[in-house]
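# Working through the structure, step by step
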Protein chains: 4
Amino acid sequence: MNGGGDAPGLNAVIRGAVKYGVGGLHWQIVGIEDAFHGLMESPRRLQDLTMKTSQGLIHRGGTILGTSNRADPFAWPDGKGGTIDRSAELADAIRDEGLEGLICIGGDGSQHLSLRLMQEHGIPVVGVPKTIDNDLSATDFTFGFWSAVGVATEAIDRLHTTAESHDRVMLLEVMGRTAGWIALYAGVAGGADVIVLPEIDYDVDRICNTIRKRSERGRHFTIIVVAEGASPKSGEALPAARRHGRGHIVTGGAAQTLAMLISEQVHVESRVTVLGHLQRGGSPVPYDRVLATRFGVHAIDLIDRGQWGRMVRLRDGVVDSVPLAAAVTPPRVVDLDHPLLREAVKIGIELGAEI
Amino acid sequence: MNGGGDAPGLNAVIRGAVKYGVGGLHWQIVGIEDAFHGLMESPRRLQDLTMKTSQGLIHRGGTILGTSNRADPFAWPDGKGGTIDRSAELADAIRDEGLEGLICIGGDGSQHLSLRLMQEHGIPVVGVPKTIDNDLSATDFTFGFWSAVGVATEAIDRLHTTAESHDRVMLLEVMGRTAGWIALYAGVAGGADVIVLPEIDYDVDRICNTIRKRSERGRHFTIIVVAEGASPKSGEALPAARRHGRGHIVTGGAAQTLAMLISEQVHVESRVTVLGHLQRGGSPVPYDRVLATRFGVHAIDLIDRGQWGRMVRLRDGVVDSVPLAAAVTPPRVVDLDHPLLREAVKIGIELGAEI
Amino acid sequence: MNGGGDAPGLNAVIRGAVKYGVGGLHWQIVGIEDAFHGLMESPRRLQDLTMKTSQGLIHRGGTILGTSNRADPFAWPDGKGGTIDRSAELADAIRDEGLEGLICIGGDGSQHLSLRLMQEHGIPVVGVPKTIDNDLSATDFTFGFWSAVGVATEAIDRLHTTAESHDRVMLLEVMGRTAGWIALYAGVAGGADVIVLPEIDYDVDRICNTIRKRSERGRHFTIIVVAEGASPKSGEALPAARRHGRGHIVTGGAAQTLAMLISEQVHVESRVTVLGHLQRGGSPVPYDRVLATRFGVHAIDLIDRGQWGRMVRLRDGVVDSVPLAAAVTPPRVVDLDHPLLREAVKIGIELGAEI
Amino acid sequence: MNGGGDAPGLNAVIRGAVKYGVGGLHWQIVGIEDAFHGLMESPRRLQDLTMKTSQGLIHRGGTILGTSNRADPFAWPDGKGGTIDRSAELADAIRDEGLEGLICIGGDGSQHLSLRLMQEHGIPVVGVPKTIDNDLSATDFTFGFWSAVGVATEAIDRLHTTAESHDRVMLLEVMGRTAGWIALYAGVAGGADVIVLPEIDYDVDRICNTIRKRSERGRHFTIIVVAEGASPKSGEALPAARRHGRGHIVTGGAAQTLAMLISEQVHVESRVTVLGHLQRGGSPVPYDRVLATRFGVHAIDLIDRGQWGRMVRLRDGVVDSVPLAAAVTPPRVVDLDHPLLREAVKIGIELGAEI
């Protein structure tokens, strides 16, 4: 089963597990549709995952099993606006279906639920980490991240050509509410001039200085990559922008806000692009396909060796596993000492703050 | 010179003209930077366009000459908030530089200015049509259009995979303020479920019905392509949405507006992606490279034959030319009888209105 | 049914026909697998084409129905090395399945077989033109062509970057046995220096001169696009090359041959890339998706109006139809007066002959 | 300077070094054109690498400095068919130009030459590893590798769609003379059925069995990825194939050979695609851009700290450096115990041998 948001490579994990588990070990594998919904609803929605199912899956975006962002069996909607604990019922359903264990492909939240299912109801589980933001401490990289960075980098490439022709500030908002990895990697890969991250509140003056200095050097455009969770340094700046701006902003995201703050200081046209779900869709890049396949195979290996309660992960180029308990930790954010951040500064990228 | 917005293929036009004019006919060709700014400012900014300049240009997005959206010599900013007619000065500059004539790559507005320069100041001009929206009546297609459709179609492809996994309404806002060609072509090419155009005010009820009917058939997602100029049928709908919505919307565009109107009727999550300038950037697709090259060559041919005052164009697969005066006509919008619109209806695409 | 080779857009034709025929007109549509094999083998292989089948088809390369290059019911292999006429049997199978008529998506050969089925056995047929080489006289363009040009153009782009770094002659062999359209369009779109076509036997001396002259101008690389059917001017040249070359060549195609002929005259390293089936695979470009969809819809329209015996086509931007008999004509090759060929010469592309 | 073959990311290394060295540290950096040729020829060909040079470089394939495969100052062609040692002359030229040291971006061979220049002539050098085959022991990955894998994977994707429609064996030849990393990674990422590597001589019977068994399961196509250095198990097989085959093969590469060997046993059409230099060209993927940038920055850092005689590298996700002497080691080939190879077997990929 998948839990949480979509990520390119989910199908490749499923394919890897099926190719090895069904094709190699002759097991029977069943997919649960739409996270836990497939087991909690009546009739139950399960799919036999056969060698035939696995055909053509490796390059396919999305997930054939569907997923869900909010499917907590310990706090399931009761239909009256509240929630009830239906976890025992879920555990019964799992046993009733004759499932010997559960492979849960999901993020922090999903792994936490798996762990509780195991601890409180004795359901054997194995985890596969999934987070497009790459913010799970337990694994160096997860599938989907480089695909998202690919979409964002291609967008920066496109903005570059048109920005150069037009003397403009181009802002690109990318995913990253608490961790700015996509913004950092795509910003470096795309040759952005400014990158603002959720981890570093930005000083608008520094950014405006960059725009002005570039202009003085004959570079009349500036490309700014904005993580969706980035915000200005001073709390005061924001209301001011909104008050003196062109109106009340509700839907304006981080890039829109920065565009407005810039427009108060510099006379230059700016354009905002919000990539949104484009970053989650489409065919995974080869890196993610290989990693996802490996994760799928290793999940089967864990089960084959009876090592329940663990999550596969990538560490220093090697795919191995950690206890699920260790996997459920605070998200890994961009550290001020992270080498790539230091290198970004060395090649002249403005981060909106002295670091 | 280029006038108006950026479009993939501008460099290919320049390359085609230089390869033929300089390489084949041994003329000297000079590029004017940033539309008329390069001639109106002091020092003037002109570039020798040589065979060397033309190297590697065919696949390069943007324009090596730069461009400008607002460069009207008949109404030039006077620096005091008003405008003055500096067209005579421009004509003098052209003669002073020894330029025998002008190739103007631009849209409706730019061609109109060229025509006036010729009529009022005797400057020989030749036009090359440029409009990413494909809304020039005089030409069947212009370069840049299929590139923009390509970006939008790829975006729909990506949204498809993630929408399927998540049971969502995905709205994609594409360019097209008055003409919905990009939305129509990309919508058909991407397999959109709903397309809304500036030419057809939409009825939100019809769109919500489509979402509901799809859901009943087990398709829990809907892809909607929204031209930026699309708006709801009744004027009343909009203020209501804004009043009852989650706040005052200023920056929300057409897709945001539609998302809000839908959310008033249907309980489904929706996500908005705004492509913005991504549609203008990047390498032109082969169709646009070929067409742009041909336009560049034909512009030189017109001059070679002394046929000033004409604009090249594509009609029924043939590149020929029309008088500039004929080229400056009201924009071509999507006609209710356009075959592709009719075909869109036949394959079940909802247009937000009975047509 | 599909006949002949693969082309990007086949699935989009099927989808267009199903969306309109099944979704719009509530017909039942059945797909025949692997050209006529699906009807000639026992058990017969037919697929119900439903709205569900049509999901996700528009961007998918290949064809869900499969195809076959050699499936002539009038000369079916008899298993003893000869052939027998099994067309009456095929016609019976069609009637036995209750099929009211046949939509045949195929090239010249397939349309010819359809026509005979109609004329000799009274099977109502409608044709959809398919030829990746774009060599059907009856239609201006077919789906798949621009996708193939796209693959070839991207390859030229890639070769450009590496050729520039290395001072090399890069030869790219593209499809086109009798008609050089892919080579011509991709060569212009990719900025090739030399293009050789099946229609124009090339003079190796001219090509070597181009390589030398470029080198004198400081351009130490040359990109040559070679249609697979291109051959040198003089019949004598080839044996000579083979005799004095590095050995007996059997598998060497057109590009390999030209590379050897060049190496006899110019001291420069050359590298050959043969795209082969890459040009037939992958997702169709938007142009082809739109055209294929329109063809599918128009095929249904023809049937709906009882206009059997016709083939849909694109002429001057309009999709209409012609009698099948008129569709079966000699292939359209690149005419020496074709505008794009003339323009290629004007921008300095060497064609291996004075034209 | 660059030495050896082209690789996507060379320009990004240059850009990274210039952005930090020139932009950050205010050094002067000069590029040597075409490997050592730029210093050995008269007039010398050097380029000032300024902030302006570095613009737009990150996404550009090839190298603005040019490169050369054969530029050994210790064994320079003497023009009479032999070689002479001109290394002292080169060292003099370096000192004469006032260069304080050399950054050499190159493979095993180039780094070896650098080391000798330092050891024998006292020229301070710093190395940046470059090998598209990823076969340098000292570094986990080099830039260019994932770009090449990307080109190969996209090719497999394309072949998949057309193979499925046509019941064919599709062979794709990719780079890798002694190390099969590209074949292995792209084969896994593309979902190949068979992968043959230079490290494992293949048994044709096993491959033919795979083709037959797939066919029995209704999969009438097989995708085979062939590293250019792969060869059949028994030395006898090859001559036999050539003798009984369709003629004398000279130019046929590894894929052509395997296709012939298969055709002797299985009656199925096969098609060969040879990617060749496509794998070296084009824009680097984000992974390679980031890595190349980091390598460029670290090379400057080494110099800044006076750590001459070292080569930057990536180890366990960290960019650091090793002594040049340690960098010049036998190439890293695919080990029979490599996890990805084991995983490939687990998901049913045939490697042509029992491992």
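All figures in this text were calculated on a predicted structure; none of them were measured in a lab.

Each helix and strand counted, chain A has 12 helices and 12 strands in total. For chain A, the C-alpha radius of gyration of 23 Å lies close to 20 Å, the compact-globule estimate for 355 residues. Each principal axis of the C-alpha atoms in chain A carries an extent, and together these give about 70 × 45 × 35 Å. In chain A, which comprises 355 residues, the share counted as buried stands at 61%. The long-range fraction of contacts in chain A, counting pairs at least 24 apart against all pairs at least 6 apart in sequence, stands at 73%.

Bringing the relation of the copies chain D and chain C into the picture now. Each of the two copies of the chain can be brought onto the other by a rotation about an axis and a shift along it. Once turned by 180° and shifted 0.0 Å along the axis, chain D lies on chain C with an RMSD of 0.0 Å. Look at the turn and shift together and you get a two-fold axis relating the two. Mapped onto chain C, 100% of the interface residues of chain D are again interface residues, and the two copies thus contact each other with one and the same surface.

A separate point is the interface of chain A and chain B. On the side of chain B, 36 residues touch chain A, which itself brings 36 residues to the contact. Those elements giving two or more residues to the side of chain A that touches chain B turn out to be α5 (145-166) and β10 (270-274) of chain A. If one sorts the elements of the side of chain A that touches chain B by residue count, α5 of chain A sits on top with 10 residues. Along the lines of polarity and charge, the residues of the side of chain A that touches chain B split into nine nonpolar, 20 polar and seven charged.

We now examine the sheet that holds strand β5 (residues 102-106) of chain D. All names here are of chain D. Reading across the sheet, the four strands line up as β5-β6-β11-β12 and stay open at both edges, with mixed pairing between neighbours. The sheet is open, and its two borders are formed by β5 and β12 (318-323), each paired with just one other strand. Ignoring which end each strand starts from, the neighbouring axes of this sheet average 30° apart. The pairing of strand β6 (residues 125-129) with strand β11 (residues 310-315) spans two bridges and is parallel. Bridge pairing in β11 links V126 to R310.

To continue, consider the packing of helix α3 (residues 87-96) of chain A against helix α4 (residues 108-121) of chain A. Residues and elements named next belong to chain A. The N-to-C vectors of α3 and α4 enclose an angle of 85°; their axes lie 11 Å apart at closest approach. Considering the angle they form, α3 stands roughly perpendicular to α4. Along the contact surface, α3 presents S87, A88 and A91, while α4 presents L117, E120 and H121. Split by residue class, the contact of α3 with α4 holds three nonpolar, two polar and one charged.

Turning our eyes to something else, we now look at the interface of chain D and chain C. Contacts between the two partners involve 36 residues from chain D and, on the opposite side, 36 residues from chain C. Elements that contribute at least two residues to the side of chain D that touches chain C include exactly α5 (145-166) and β10 (270-274) of chain D. A total of 10 residues in the side of chain D that touches chain C trace back to one element, the largest contributor, which is α5 of chain D. The residue inventory of the side of chain D that touches chain C, partitioned by class, reads nine nonpolar, 20 polar and seven charged.

This next bit is on the domain arrangement of chain A. Many structure descriptions define interface size as the accessible area lost when the parts assemble. All names here are of chain A. The assigned domain composition of chain A is domain 1 (10-144 + 284-327) and domain 2 (148-280). A separation of 36 Å is found between the C-alpha centroids of domain 1 and domain 2. Opposite the six residues of domain 1 that make contact, domain 2 presents 10 residues. Residue composition of the side of domain 1 that touches domain 2, grouped by class: two nonpolar, two polar and two charged.

The subject of this paragraph is the relation of the copies chain A and chain B. Mapping chain A onto chain B calls for a screw motion: a turn of 180° about the axis and a shift of 0.0 Å along it, with 0.0 Å RMSD after fitting. A shared interface surface links the copies, since 100% of the contact residues of chain A are contact residues in chain B too.

Moving on: unusual backbone geometry. Excluding glycine, a negative phi dihedral is what most residues carry, and trans is how most peptide bonds are arranged. The linkage connecting S42 of chain A with the following residue, P43 of chain A, adopts the cis geometry, with an omega of 0°. Within the secondary structure, P43 of chain A sits in the loop between α2 (37-40) and β2 (46-49). Located in the positive-phi region is A35 of chain C, a residue other than glycine, with phi close to 55°. Inspection of the secondary structure assignment puts A35 of chain C in the loop between β1 (29-32) and α2 (37-40). Phi is positive for D34 of chain D, which is not a glycine, with a value near 50°. Looking at the element boundaries, D34 of chain D is found in the loop between β1 (29-32) and α2 (37-40).

About the thresholds
- Each chain has its residues counted from 1, following the order in which its sequence is written.
- Chain A is the first chain written and ligand 1 is the first ligand written, with later ones labelled in order.
- For a predicted model such as this one, the threshold for reporting local features is a pLDDT of at least 70, and the threshold for listing and counting side-chain atom pairs is 80 or more; totals across whole chains, interfaces and linings nevertheless cover every residue.
- Secondary structure elements are taken from DSSP: a helix is a run of H or I of four residues or more, a strand is a run of E of two residues or more, and numbering for both begins at the N terminus.
- The globule rule is 2.2 Å times the number of residues to the power 0.38, and the radius of gyration it is compared with is taken over C-alpha atoms.
- To sort residues by burial, count the other C-beta atoms lying within 10 Å of each one's C-beta; a count of 20 or more means buried, 12 or fewer means exposed, and anything in between means partly exposed. C-beta atoms are built from the backbone.
- Two residues qualify as being in contact provided that their C-beta atoms, derived from the backbone, are within 7 Å of each other.
- Only residues with pLDDT of at least 70 in both copies count here: their C-alpha atoms drive the least-squares fit that superposes the copies.
- Side-chain classes follow a simple rule in which Ala, Val, Leu, Ile, Met, Phe, Trp, Tyr, Cys and Pro form the nonpolar group, Asp, Glu, Lys and Arg form the charged group, and the remainder, Gly included, forms the polar group.
- By definition, two strands form a pair when at least two bridges between them are found by DSSP.
- Convention adopted: a line fitted to C-alpha atoms gives each axis, helices being fitted over their contacting stretch, and angles between N-to-C directions are expressed from 0 to 180 degrees.
- Put simply, angles under 35 degrees are roughly parallel, angles over 145 are roughly antiparallel, angles from 65 to 115 are roughly perpendicular, and the rest are oblique.
- Domain start and stop points were drawn from an automatic or database domain assignment.

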